[in-house]
Amino acid sequence: MVGEISTVAFTINGRQQVVNGDNGDGVTLAKFIREVALLTGTKISCAEGGCGACIVTVTKFEGDTPRSVNSCLTPVMICDGWSIITVEGLGGKAVGYHPIQEALAATGGSQCGFCSPGMVMQLHSYLEEHPDATIKEIDNILDGNICRCTGYRPILDAFKEFGSDAPKKFAHLIEDIEDLSLKGICKRTGEACPGAGKCASSGGSGCHGKSPTETGSSNWYQPASLEELNAIMKSFTAETKYRIVGGNTGTGVFKHDEDSYDAFVSINKIAELKEMSTDPMFLGGSVSITDAIHYFAKAGETNPVWTHISHHLSLIASVGIKNQGTLAGNLMLKNAHNDFPSDVFITMETVGAILEIVNVSGSVEEMTVGEFVTTDMNRKFIKKIKFPSMKNKTTKKDLHKLWLTSKAKAGEAVWKIRTFKIMPRSSNAHAYVNAGFLALVDVENNYKIEGKPTIVFGGINSTFIHARETEDFLLGRNMNDHDMFIEALTILATELEPEFDPVLASPVYRKQLAMGLFYKFFLHVLGDDASPMVRSGAINLDRGVSRGEQSYDTDESLWPVSQPIEKVEAKWQTSGEIQYVGDIPTKQGELHSAFVLSRQANCDVVSVNATRALAMPGVVDFVDANDIPGVNNWKTFVATPEEIFCSGRSKYAGQSIGLVVAETREIAIEAARMVQVEYGNGGTVVVDVEKAMETPANVLPFGDAIQYGDVDALMESADRVVQGRFKMGSQYHFHMETQTCIVTPMEDGFDVEVASQDLSGIQNIVAMALKIPFNSVNPTIRRLGGAYGGKIVLPNHLATAAAVAANKLGKPVRLWLPLEDNMKLLGKRNTYVFDYKIGLSSEGKIMALESSIYCDGGWSLNDVDSPFAAIFGQSCYKVPALRFKPYGVRTDTHVPTATRAPGMCNGHAMIEAIMQHAAIEIGMSPLDLRLNNLMEEGDHVMPPPLTLDVPCPISKMIEEVQTGADFAARKEAASAFNKASRWKKRGISLVPMRYDHNLGFPGLKYNCLISVFGGDGSVSIAHNGIEMGQGINTKVAQVVAFELGIDISMVKIKPVTALTNPNGVVTGGSFGSEGNCVAAIKACEVLKDRLSPTREKLGKDATWQEIISAANAADVDLCAHYMFESLKDNYNGYSVWGVAVTEVEVDILTGEMFIVRADIVEDAGLSTSPQVDIGQVEGAFVMGLGLWTSEEIKHDPVTGELLTMNTWEYKPPAAKDIPQDFRVTLMKNARNPLGVLGSKATGEPALLMGISVLFAVWDALNSSKMDAGQTGWWQLNGPATVEHIHQHAGVTPDQFVF
């Protein structure tokens, strides 16, 4: 058959790879790189092209431009002729690190490290194409790379050093960048090697290692011409299931359009489909979105219409997706899914593009982009997209007008265009609504519209494209006629009927947004003829280049403690050399597994039929509750067991019903979808906590009220009493490494390799599930690819399920959750509702405070943390009398779990929301009320009867941050800005914090084992803490090097095992680093005590190596152990203080927002590792920003299914969502006498201060409301998404003035 291919060939890091069709079918490039080429630096996280972990550099043919590609979406069968570079191809410890790898490590730009290879490859790819890239260009390239750890600032700082206009901080690295090639890459393995690439090739044509075997087999075709493509189309019948593959990026959005295909047609070798012409203007269908952006930017140099098109296309997805995705492919998504808000469609239809469609007979038909949407494209393809010239039109010259004007071109009608894409996040997000407006306008003739304008919308409903009635009405109208505009707006309002979809923004918002965009277009056309007050409505928010400042103390006498050193693993992370659970090589006989999840909450599982799944080739077994030898429960020490596999009642949609075990992960995932589940006896499904609270049986007290003082009497005597309700939403951890484990049967039990924060918890729960002794379970944890609390108890579920399967089958079982399963199956941050009342004196002093704290506990109420929220509900304020009542609320959702600062951020948010409300009600500024009620030494603190037993530094910190942040001047400047601008508003807030870091409780214990090797004096440490990006290994290495007086390079940290670190507590709550540092210091003391006689004997000039050699010869025990216990070691905790000033700018007409600047001061004592701690503060704060802005969890109200379950619907902050100006100070001269070597914890406190963004947004919106004549208090709950911001702006259409 013409064009049919049986093999493809390409190179990875210079090494030839050949894949035959049977082995390549269904295999992505990322899978091939990891499992066949065995280069595991390339990561897979979302597998949707939404996170950037899988980025590689690709050159598709000789002379092609190298570009970044999302390898997780790229079928290996389209890679024929490609040259692919992975992170291993840049450098490593054997041959030296690449300058980008070194720079990212040096700035602290890698924490957990899971995203780091993708970051490195994104910059490498961009510099390959743009060697003279500027700082501004580089600042924009991470639109598709997610980092949950760092807050992006250090990554951007490192990368901008490579800008052609940057001061060369890393000049010693950058000067060599152009000399680098693949000279250090092994031809045999594709990795960096000491043989400088001269290692002999070992047999075979490239497919070494494990050969992926997938379900089924499809034919692959690779036509080289339009004639061959048409012949292939003719060979298909109308029933043939085929996919034309260009970039294949659409599969990241629509994953299961077909269960299987008969054929795939790769069109990347057809030159005609990539043609570009400027006269006449057309683009081939297979032109990439990136190339189209460049094409229209060039065309825009002579006609600004095309500049708008180029800019809009740049807002699509991410750099990697745009590099690979094609214009025709994007349009075909719109054809297959009419509700898809395609930006290619919007822009092409706005300018009146015409498509050339080739049908099965080979003939060409032309149609508009709008007509194409509903065209049957079976056995057709888009050949070309043609564009009109868009030349301005000269009307008949009017001598009288020429007499009255100084302009030479009076009477010329010009094209006026605006397109819009309003997204839930700064980048890499689909539109709430996108729109295009185009009109030929005679500006000099009262802005008269010549001919019919174009008004196009996406995101309204699946059939709405043009506002036809509005277009007709505007024909020949004058755009400066406001009465006419209002009439047109009224017509438009009757045309807009947004569909309801529970996962989308509300229909009301989308309609109002579309009307606001229509108004924006008019303001854009009118320009300076619009009044100065409203001109801001015409322009987009303008966020400049990111910048940051960091300030901290260090004490050289303690170095390496307090020294801002690079993390000990940093270069291994940035080079992809470091190993996570998913990178562990395949074991002999290993099987893969995937959960079968329920799709209905609160109902019986009547039957489960795995027959279809078991019939699939490669499926081995189906495991369910009947296969569990021990206890069907994956959560210890809880009142209500949570089943490993459902035994009859589906409590929530997403609950695990069973486990499919198969030869490959892909087969297991596919087979899990084939398992048929019948549901019955369904009850009412309640997914909203407020709705659940309407039924008293759902609300349970969690312990007694926490109180002190005479609340009732003081409330009664208060001059003012303010009461209200405040709500805040849930949040997904978004650890880049999804939950993963491998369970292997061994002679003495089971080895468990797992990504968990709790080694002992894993050992205990697996033993109970299998009904075996605890010492038969051997867990090992090396590191995590992010966690944030999500890997404390949740990995127990995977470990028990995989252990049951491994026990049943007697083989190793790997269980690695796809992102969607990870999000549907497992819990997230608790949702909260607070009903509060505060009494104040006439002077604005708090007299009494009470609150009922309602915490969503999911179906079981096992993880209600409202008592914890109560402890943090006072923060840093003087409250004479207080009563907090904690409750749990039952809903039909997955059980929430600890998420960075669990309960802590909720309690802090509650008191700050109360202060905000109370201030407005009594006529004070929120800052003045806060300053008027700051606590002092001796005041009550939670829990009673405690009092603050140290001086309170918060007043001084506020003074310092007000000065350092230039708060007063910026507040005044924001006020002046708001007075001059109706449609852009600025807001600023200052929020203080007291974080009660209480460690004085039983059971807080960590082991540390230190071994010194007699041969050279090098040191290995096995401490009890899990490295997950917080820098625990670096801090332990620093304190050990300091205590032993050796260079830190002599210290290495080893994995955590149950043998060396038994019975330890979870690494979490921000106490892991300091607890293990204490244990390490104590173990060093044991060692030093043993070495003391040897040291004295050899004298003070003896080197460490000499001391160790002599001690070893004298049979001194060079292995020391210590178990830290907080009570025994009198390590009871302390307060962490902080202040954040945050300023935002809001687009009132859309709800879009950006953070202008954030200034954070946090009391971190004398930081053990300043670079690490600065990163912890920044990362926690940005995660807090996500909690209060873009991250929103939604469930289906009927089934209970999670709707925000992937990167398409769930939006953590991207690189341009952080403060444009991000300044962090670790408070100076603030050594902590109660902490390790003067330090304090930093992992979680800064997240609490993220709420400052909510109040800054409130401040901006309040200015808009005041402009609209709306005064007084109003509540803004979290998260303040783009939609919610818009809906609280007080906008009505009568305000749409010119």
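Residues numbered from 1 in each chain as written. Predicted model: local features only at pLDDT ≥ 70, side-chain atom pairs only at ≥ 80, totals over all residues. Heavy atoms only, no water.

A count of helical and extended segments in the protein chain gives 38 helices and 44 strands. A compact globule built from 1298 residues should have a C-alpha radius of gyration of about 34 Å, and the protein chain, at 31 Å, falls within 12% of that. Projected onto its principal axes, the C-alpha coordinates of the protein chain cover approximately 105 × 85 × 70 Å. By residue count, 63% of the 1298 residues in the protein chain fall in the buried class. Counting only contacts in the protein chain whose residues sit at least 6 apart along the sequence, the fraction spanning at least 24 positions is 77%. When the accessible surface of the protein chain is totalled, it reaches about 44900 Å², and 51% of it is carbon and sulfur. Across the protein chain, 114 positive and 152 negative side-chain charges occur, with their mean positions spaced 2 Å apart. (Helix = DSSP H or I, 4+ residues; strand = E, 2+ residues; numbered from the N terminus. Rg over C-alpha atoms; globule rule 2.2 N^0.38 Å. Buried < 20%, exposed > 50% of the residue type's maximum accessible area, 1.4 Å probe, protein only. Contact = heavy atoms within 4.5 Å. Areas by Shrake-Rupley, 256 points an atom, 1.4 Å probe, with all protein chains shown as cover. Lys, Arg positive; Asp, Glu negative; His and termini not counted. Charge placed at Lys NZ, Arg CZ, Asp CG, Glu CD.)

Across the 11 residues that make up strand 34 (residues 846-856), a large majority, 11, are buried. In this sheet, strand 34 lies alongside strand 33 (residues 832-840) in antiparallel orientation, the contact comprising nine bridges. Bridge pairing in strand 34 places Tyr832 opposite Cys855. From the end of strand 33 to the start of strand 34, which pair antiparallel, there are five residues, and Gly844 there has a positive phi angle of about 80°. Looking at chain direction, strand 34 and strand 35 (residues 882-889) are connected through eight bridges and run parallel. Bridged to Ile853 within strand 35 is Pro886. Handedness of the strand 34-helix 27 (residues 866-871)-strand 35 crossover: right-handed. (Pairing = 2+ DSSP bridges. Right-handed = clockwise from strand over helix to strand, strands pointing away.)

This structure, assessed with the given rule, holds 44 aromatic pairs. With centroids separated by 6.2 Å and ring planes inclined at 70°, the aromatic side chains of Phe1001 and Phe1071 adopt a geometry described as edge-to-face. Separated by 70 residues along the polypeptide, Phe1001 in the loop between strand 36 (984-998) and strand 37 (1005-1012) and Phe1071 in the loop between strand 40 (1056-1057) and helix 33 (1072-1098) bring together distant segments of the chain. Within the aromatic cluster, the residues linked to one another by ring pairs are Phe420, Phe437, Phe457, Phe464, Phe485, Phe518, Tyr519, Phe521, Phe522, Trp983, Phe1296 and Phe1298. Taking the ring centre of Trp816 as reference, the NZ or CZ of Arg665 above it sits at 3.5 Å. We note Lys1265 situated over the ring of Trp1274; from NZ or CZ to the ring centre the distance is 4.9 Å. (Phe/Tyr/Trp six-rings, centres within 6.5 Å; stacked < 30°, edge-to-face > 60°. Lys NZ or Arg CZ within 6 Å of the ring centre and 35° of its normal.)

The next point concerns helix 4 (residues 116-129). Between its terminal C-alpha atoms helix 4 stretches 20 Å, which fits the 20 Å expected from 14 residues at 1.5 Å a residue. Summarising burial for helix 4: 13 of the 14 residues are buried, a large majority. (Expected span 1.5 Å × (residues − 1).)

Moving on, we get to the pattern of salt bridges. Tallied over the entire structure, the rule returns 64 salt bridges. With a shortest N-O distance of 2.7 Å, Lys1035 and Asp1173 are connected by a salt bridge. In this pair, Lys1035 is assigned in helix 32 (residues 1032-1044) and Asp1173 in helix 35 (residues 1170-1188), connecting sequence segments 138 residues apart. Each member of the pair, Lys1035 as well as Asp1173, is classed as buried. (Salt bridge = Lys/Arg side-chain N within 4 Å of Asp/Glu carboxyl O.)

Before going further, it helps to examine unusual backbone geometry. Cis geometry is found at the peptide bond from Pro944 to Pro945, where omega equals 10°. Along the chain, Pro945 turns up in the loop between helix 29 (926-931) and helix 30 (954-964). In this structure, Pro1279 follows Gly1278 across a cis peptide bond, with omega equal to 5°. Position of Pro1279 among the secondary structure elements: in the loop between helix 37 (1252-1267) and helix 38 (1282-1287). Look at Asn1130: it is not a glycine, yet its phi comes out positive at around 55°. In this fold, Asn1130 is placed in the loop between strand 41 (1119-1125) and strand 42 (1133-1147). Not every positive phi belongs to a glycine, and Leu1237 is a case in point at roughly 50°. Looking at the secondary structure, you find Leu1237 in the loop between strand 44 (1221-1226) and helix 36 (1245-1248).

Bringing the sheet that holds strand 23 (residues 649-650) into the picture now. Paired through backbone hydrogen bonds, the strands of a sheet run either parallel or antiparallel to each other. In spatial order, the strands read 23-21-25; together these three strands make up an open sheet with antiparallel pairing. Either end of the sheet is taken by a strand with one partner, and the two such strands are strand 23 and strand 25 (676-680). In terms of strand pairing, strand 21 (residues 603-609) meets strand 23 through two bridges, oriented antiparallel. Counted as the bridge partner of Cys603 is Ser650 from strand 23.

Any two packed helices are characterised by the angle at which their axes cross and by the distance between the axes. The interhelical angle for the contact between helix 10 (residues 304-314) and helix 13 (residues 343-350), taken along N-to-C directions, is 170°, at an axis separation of 9 Å. It follows from the interaxial angle that helix 10 and helix 13 lie roughly antiparallel. Contact residues: Ile309, His312 and Leu313 in helix 10; Asp343, Val344, Ile346, Thr347 and Met348 in helix 13. For the contact of helix 10 with helix 13, the residue count by class is five nonpolar, two polar and one charged. (Axes fitted to C-alpha atoms, helices over the stretch in contact; angles between N-to-C directions. Parallel < 35°, antiparallel > 145°, perpendicular 65-115°, else oblique. Nonpolar A, V, L, I, M, F, W, Y, C, P; charged D, E, K, R; others polar.)

Across the seven residues of strand 24 (residues 656-662), seven count as buried, placing the element largely inside the fold. In the sheet, strand 20 (residues 591-597) pairs with strand 24 via six bridges, with the strands oriented antiparallel. Looking at strand 24, one finds that Ser593 is bridged to Val661. Here strand 22 (residues 619-623) runs beside strand 24; their pairing, made up of four bridges, is antiparallel. Bridging across to strand 24, Val619 finds its partner in Ala662.

With mixed pairing, the five strands of this open sheet are ordered in space as 3-2-6-4-5. One side of each edge strand has no neighbouring strand; the edge strands of this open sheet are strand 3 (15-20) and strand 5 (67-70). Mean inter-strand twist for the sheet, computed between neighbouring axes without regard to direction, equals 35°. Pairing of strand 2 (residues 7-12) with strand 3 involves six bridges; the strand directions are antiparallel. For Ala9, the partnering residue across the bridge sits in strand 3 and is Val18. Most of the contacts of helix 4 go to strand 4 (residues 55-59), to which it runs at about 25°, and overall it touches strand 4, strand 5 and strand 6 (83-85).

Taken across its 10 residues, helix 12 (residues 327-336) has seven buried, putting it largely inside the fold. Among the residues of helix 12, Leu327, Ala328, Asn330, Leu331, Leu333, Lys334 and Asn335 are the ones counted as buried. Contacts from the buried residues of helix 12 go to strand 11 (281-284), helix 9 (289-299), helix 13, strand 12 (354-358), helix 14 (369-372) and strand 14 (381-386).

In the predicted model, the protein chain carries a mean pLDDT of 95, and the fraction of residues at 70 or more is 95%. Note that residues 194-216 has pLDDT below 50 and, in this model, 57 contacts with residues that lie over four places away or in other chains. (pLDDT = per-residue confidence, 0-100.)

This part covers the packing of helix 24 (residues 759-770) against helix 25 (residues 794-809). Orientation of helix 24 relative to helix 25, taken along the N-to-C sense of each, is 40°, at an axis distance of 9 Å. With respect to each other, helix 24 and helix 25 are oriented oblique. As helix 24 runs across helix 25, the sense of the crossing is right-handed. On helix 25, the residues touching Gly761, Ile762, Ile765, Val766, Ala769 and Leu770 of helix 24 are Pro795, Asn796, Ala799, Thr800, Ala803, Val804 and Asn807. (Left-handed = near helix turned anticlockwise from the far one by under 90°.)

In this section: the side chain of Lys421. Position of Lys421 among the secondary structure elements: in strand 16 (residues 412-422). At 3.0 Å, the side chain of Lys421 and the backbone oxygen of Ala429 are in polar contact. Beyond its immediate chain neighbours, meaning those up to four positions away, Lys421 contacts His312, Leu315, Ile316, Ala317, Asp343, Ala429, His430, Ala431, Val433, Asn434 and Glu1152. (Polar contact = N/O pair within 3.5 Å; in protein donor to acceptor, adjacent residues only side chain to side chain.)

This part is about the nonpolar core. Across soluble globular proteins, nonpolar side chains have a tendency to be buried as a group. In this structure, Phe159, Phe457, Phe518, Ile1010, Val1019 and Val1040 are the most contacted members of the largest nonpolar core, which totals 236 residues. Take this core: its biggest share by element is 12 residues, from helix 18 (residues 507-526). Those residues in contact with Phe518 that lie beyond four places of it in its chain are Phe437, Ile455, Thr470, Leu474, Phe485, Ala488, Leu489 and Leu492. Counting 51 residues, the second largest nonpolar core, distinct from the first, contains Trp634, Ile644, Ala769 and Leu784. (Core = buried A, V, L, I, M, F, W, Y, C linked by side-chain atoms within 4.5 Å.)

With that out of the way, let us pick up the side chain of Asp139. Within the secondary structure, Asp139 sits in helix 5 (residues 135-139). At 3.0 Å, the side chain of Asp139 and the backbone nitrogen of Ser546 are in polar contact. Apart from the residues within four sequence positions on either side, Asp139 is in contact with Leu156, Lys160, Arg543, Gly544, Val545, Ser546 and Lys1216.

For the rest of this paragraph, the subject is the environment of Ala1268. If you trace the backbone, Ala1268 turns up in the loop between helix 37 and helix 38. Distance from Ala1268 to Tyr652, taken between C-alpha atoms, is 44 Å for residues 616 residues apart in sequence. Look past the residues within four positions of Ala1268 in its chain and what remains in contact with it is Arg982, Gly1290 and Gln1295.

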